[in-house]
Amino acid sequence: DGLDRTVQEVPFAWDGDRGLEGIRVGYLERAFRTPGPSQVMDLAALATLEALGVELHPVDFPGGFPLEALRLTVSVEAAASFDELTRGGRDALMEAQEALDWPNTFRVARLVPAVEYLQANRVRTMLMQALDEAWRDVDVVVTPTFADGVVLTTNLTGYPVVVAPSGFLLDGTPSSISFLGRLWKDAEALHVAKAFQEATGHHLRRPPSFS
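The structure reproduced in this document is the subject of the present report. As the structure is a computational prediction, the values presented were derived from the model and not from experiment.

Let's talk about helix 7 (residues 150-157)
Argument step 1. Taken across its 8 residues, helix 7 has 6 buried, putting it largely inside the fold.
Argument step 2. Along helix 7, the residues that are buried comprise Val150, Leu152, Thr153, Thr154, Leu156 and Thr157.
Argument step 3. Where helix 7 is buried, its residues meet strand 1 (25-28), helix 3 (67-81), helix 6 (114-134), strand 3 (140-144), strand 4 (161-168) and strand 5 (174-181).
Argument step 4. Downstream of helix 7 by a residue or two, Gly158 has a phi angle that is positive, lying close to 80°.

Written out as structure tokens, the structure reads:
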């Protein structure tokens, strides 16, 4: 409605037939070097992109930001969204009630001092600016979905993320790969994810009951 100055009118342009030409793709290099159960599939995902003609550029998160401390902004904003649930006592109806489960996260977040919340948001803004600068030469960044800091950083900065299946572990558990678009680069992230998915077919494998 044009009344919220924090919102920008940026069109979402999607052409399902567009190829990958002109899309600059980076990869979170340290995440692919970190051993883990999905490392083989993570590296295979990079190989798939290279086979599609993608030139991959190594990138990293900007250092020096206390990500765990900034988590309180996510907790406070979630608590604000579910404030009616908490104040009405209906959070007690939720089954999971351990210390780190959502009902207790909502309750504890109400006790965060306003000064600390504002200071955290100031650092959050600095993180957004630093990330924009660090990734200025790419449009999309490929990373293992649960690499250290990925989920929290994207939650804090608003970067769009597309998650696609990348294979299966030995016990049958599915693994995934994430495509992070820079701000206003939602379509580019979707284009790269679509090309990867069409080249692999992992998404076609379903449990027997859902075949």
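What follows picks up the thread again.
Here's the deal with the environment of Asp42
Argument step 1. You can see Asp42 is positioned in helix 2 (residues 39-51).
Argument step 2. Setting aside chain neighbours within four positions, we find Asp42 in contact with Phe32, Pro144, Ser176 and Ile177.

Digging into the pairing of strand 1
Argument step 1. Burial along strand 1 is two-sided: the residues Val25 and Tyr27 and Gly26 and Leu28 are all buried.
Argument step 2. Bridge count for strand 1 against strand 2 (residues 56-59) is 4 bridges, and the pairing is parallel. Bridge pairing in strand 2 links Tyr27 to Pro58.
Argument step 3. Of the strand pairs in this sheet, strand 1 and strand 3 are connected by 3 bridges, and their pairing is parallel. Each residue of the ladder has a partner; that of Tyr27, found in strand 3, is Val142.

Considerations on the packing of helix 6 against helix 7
Argument step 1. Closest axis-to-axis distance for the helix 6/helix 7 pair is 9 Å, and the angle between their directions is 105°. Classed by the angle they form, the pair helix 6 and helix 7 counts as roughly perpendicular. Along its contact with helix 6, which presents Arg124, Leu127, Met128 and Leu131, the element helix 7 presents Thr153, Asn155, Leu156 and Thr157.
Argument step 2. Its residues assigned to classes, the contact of helix 6 with helix 7 comprises 4 nonpolar, 3 polar and 1 charged.

Concerning the nonpolar core
Burial of nonpolar side chains together is a common tendency in soluble globular proteins.
Argument step 1. Core analysis: the largest hydrophobic core is formed by 21 residues, its most contacted members being Leu49, Val142, Phe179 and Val192.
Argument step 2. Of all the elements in the fold, those that place two or more residues in this core are strand 1, helix 2, strand 3, strand 4, strand 5 and helix 8 (186-200).
Argument step 3. If you tally residues by element for this core, the top one is helix 8, at 5 residues.
Argument step 4. Excluding residues that lie within four positions of it along the chain, Phe179 makes contacts with Leu49, Val140, Val141, Val142, Pro160, Val161, Val162, Ala164, Ala189, Val192, Ala193 and Phe196.
Argument step 5. Counting 12 residues, the second-largest nonpolar core is a separate cluster that includes Leu28, Ala31, Val150 and Tyr159.

A few points about the sheet that holds strand 5
Argument step 1. Spatial ordering of the open sheet is given by 2-1-3-5-4, a layout of 5 strands whose pairing is mixed. The sheet is open, and its two edges are formed by strand 2 and strand 4, each paired on a single side. The sheet shows a mean angle of 30° between the axes of neighbouring strands, direction not considered.
Argument step 2. Where strand 3 lies against strand 5, 5 bridges are found, and the strand directions are antiparallel.

Describing the packing of aromatic side chains
Argument step 1. Enumeration over the complete set of coordinates arrives at 6 aromatic pairs.
Argument step 2. Note on Tyr27 and Phe32: the rings are 6.0 Å apart at their centroids and 65° apart in plane angle, and the pair reads as edge-to-face. The pair Tyr27 / Phe32 is uniform in exposure class, with both members buried.
Argument step 3. Aromatic side chains Phe179 and Phe196 sit 5.8 Å apart centroid to centroid with 55° between the ring planes, which places their arrangement in the tilted category. Within this pair, whereas Phe179 is found in strand 5, its partner Phe196 is found in helix 8, the two being separated by 17 residues in sequence. The same class applies to Phe179 as to Phe196, namely buried.

Structural notes on the packing of helix 2 against helix 8
Argument step 1. Between helix 2 and helix 8, the shortest axis-to-axis distance is 10 Å and the interhelical angle comes to 100°. Relative to helix 8, the element helix 2 is oriented roughly perpendicular. Residue-level contacts link Ala45, Thr48 and Leu49 of helix 2 to Val192, Phe196, Ala199 and Thr200 of helix 8.

Reading guide: rules and limits
Residues numbered from 1 in each chain as written. Predicted model: local features only at pLDDT ≥ 70, side-chain atom pairs only at ≥ 80, totals over all residues. Heavy atoms only, no water. Buried < 20%, exposed > 50% of the residue type's maximum accessible area, 1.4 Å probe, protein only. Helix = DSSP H or I, 4+ residues; strand = E, 2+ residues; numbered from the N terminus. Contact = heavy atoms within 4.5 Å. Pairing = 2+ DSSP bridges. Axes fitted to C-alpha atoms, helices over the stretch in contact; angles between N-to-C directions. Parallel < 35°, antiparallel > 145°, perpendicular 65-115°, else oblique. Nonpolar A, V, L, I, M, F, W, Y, C, P; charged D, E, K, R; others polar. Core = buried A, V, L, I, M, F, W, Y, C linked by side-chain atoms within 4.5 Å. Phe/Tyr/Trp six-rings, centres within 6.5 Å; stacked < 30°, edge-to-face > 60°.

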